[in-house]
Amino acid sequence: MNWRDIFYMNWREVLAYEFLGNTVAEFLIFVGILLIGLLFKTILSRLLSRLLYKLIDRFTEGDDQAAFKRLLLQPLEVLLLLVFLYFAFLVLNYPLDPTEIREGDHFLKTFAFRTYQVFVIVALTWVILRFADFVGMVFKIRTEKTTSKLDDQLVPFFKDFAKVLIVIFAFLTMLGAVFGVNVAGLVAGLGVGGLAIAFAAKESLENLLASFTIFLDQPFVVGDLVQVGELIGVVEKIGFRSTRIRTLEKSFVTLPNKHMIDKPLDNLTLRTFRRAKFDINLTYDTTSEQIRAITRDIQDFIDQHPRTNQDGRIRFLSLGAHSKDVMVLYFVDTMDWNEYIDIKEEINYKIVDIVERHGAEFAFPTQTLHLQRADPKRLQTTDNDTYFSESDLK
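In what follows, the accompanying structure is described. (Residues numbered from 1 in each chain as written. Predicted model: local features only at pLDDT ≥ 70, side-chain atom pairs only at ≥ 80, totals over all residues. Heavy atoms only, no water.)

Another point: the overall build of the protein chain. What the protein chain contains, in helices and strands, is 13 helices and 10 strands. The buried share of the protein chain, reckoned over its 394 residues, is 30%. Contacts in the protein chain between residues far apart in sequence, at least 24 positions, make up 60% of those at least 6 positions apart. Put simply, the protein chain shows about 26100 Å² of open surface, and 62% of that area lies on carbon and sulfur atoms. (Helix = DSSP H or I, 4+ residues; strand = E, 2+ residues; numbered from the N terminus. Buried < 20%, exposed > 50% of the residue type's maximum accessible area, 1.4 Å probe, protein only. Contact = heavy atoms within 4.5 Å. Areas by Shrake-Rupley, 256 points an atom, 1.4 Å probe, with all protein chains shown as cover.)

Okay, structure coming up:
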């Protein structure tokens, strides 16, 4: 027997050497499967995502395939790695039958297998949730092509609702398949304690019902400019529990849906015009003829402006503490805030020109003090009054 036979025999003996109930060859196959899974999980997940996209390609109307891969790539990698992990442990002498594990005496093996089952269910749920996100994105692209705003808010609402149902179903599946819980009995038991749960979740249920009220009555839709109390902003999203508003200061405010229907709400988008109302304060030395000319010229300019209606009113309204006040009231035909302030600025410049052209001035709070010399004659009073002389007054 030469050295090659001895070398070959030694390797066979090494591979046949048993350790922890498994040979070295079985351990090498175990490691090899894991390495293959780590190396090819990305490639396989891309191929699988491409296959899944072909199954739904006819429903997407040419929507972005890259977005679909971006959403599903990471959860598919985790799921494929768990599959390779299963086949790797299948090589070893490890009890993979759930019945055998539960009836055995090895707590560590039972814990390991149940943990593996939990991770598989979580990975599958992750894939399904990402798929729901893609379906929501497809419908969102379609709703953007329509003129109605109702579908713009229904799509994210039902997408979130479907994701909640998916998570609840996955959790109940985990309880039944992994931990052996009687799910039917658990659901029946929830009916007994439903009153306590409903009382504990009173605020959440009120907000959920309020969201359905918003969808049915439609006091506002996504994209509307609304005022709730002192808050003014554009509605960006209507969810299960809350409504998200982007204010004019570009801050992001979240309001409970119950607050949106209980408080007085002014839908500014449904206005036909935007109102502008303020006073012009003229000095008291402004003559009546000047005020009549100023009010007449401003009224003519407001009536002839292409972006205002005929309901504008310019009136000499009141005599203030330090000025003669002329009321300016008009309505701008726009709902866009930026366009509104541009038109208002244009009108303000014209008002200043009209006032200056007629020789009038704008008033500001002033106070006039009149100083008068005292009578030099002696003033005599009765009873306990004092006598003053001219020298005393100096």
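Its 17 residues place the ends of helix 11 (residues 288–304) 24 Å apart at the C-alpha level, agreeing with the 24 Å of an ideal helix rising 1.5 Å per residue. When helix 11 is considered as a whole, its buried residues turn out to be Gln290, Ile291, Ala293, Ile294, Thr295, Asp297, Ile298, Gln299, Phe301 and Ile302. Those residues of helix 11 that are buried are in contact with strand 8 (274–282), strand 9 (313–319), strand 10 (324–332) and helix 12 (337–357). (Expected span 1.5 Å × (residues − 1).)

Okay, the side chain of Thr334 next. Its location among the elements puts Thr334 in the loop between strand 10 and helix 12. A polar contact is formed between the side chain of Thr334 and the side chain of Glu339, at a distance of 2.9 Å. Dropping the residues within four chain positions of it, Thr334 is found in contact with Arg274, Arg307, Glu339 and Tyr340. (Polar contact = N/O pair within 3.5 Å; in protein donor to acceptor, adjacent residues only side chain to side chain.)

Pairing within the open sheet is antiparallel, and its five strands lie in the order 6-5-4-3-7. Two strands close off the open sheet at either side, each with one partner strand: strand 6 (252–256) and strand 7 (265–267). Averaged over all pairs of adjacent strands, the angle between their axes in this sheet comes to 40 degrees, without regard to strand direction. Judged from the three bridges that link them, strand 3 (residues 225–228) and strand 7 form a sheet pairing that is antiparallel. Each bridged residue has a counterpart across the sheet, and for Val226 the counterpart in strand 7 is Asn267. (Pairing = 2+ DSSP bridges. Axes fitted to C-alpha atoms, helices over the stretch in contact; angles between N-to-C directions.)

Scanning all chains against the criterion turns up two aromatic pairs. The interplanar angle of 80 degrees and the centroid separation of 5.6 Å between the aromatic rings of Tyr86 and Phe87 together place this pair among those described as edge-to-face. Of the residues examined, Phe87 reaches a relative accessible area of 44% and is grouped as partly exposed. Relative to Tyr116, the ring of Tyr86 lies with its centre 6.3 Å away and its plane at 25 degrees, an arrangement referred to as stacked. Of this pair, Tyr86 sits in helix 3 (residues 65–91) while Tyr116 sits in helix 5 (residues 107–143); the two residues are 30 residues apart in sequence, bridging distant segments of the chain. For Tyr86, a relative accessible area of 33% gives the class partly exposed. Three or more aromatic residues joined by ring pairs form one cluster here, namely Tyr86, Phe87 and Tyr116. (Phe/Tyr/Trp six-rings, centres within 6.5 Å; stacked < 30°, edge-to-face > 60°.)

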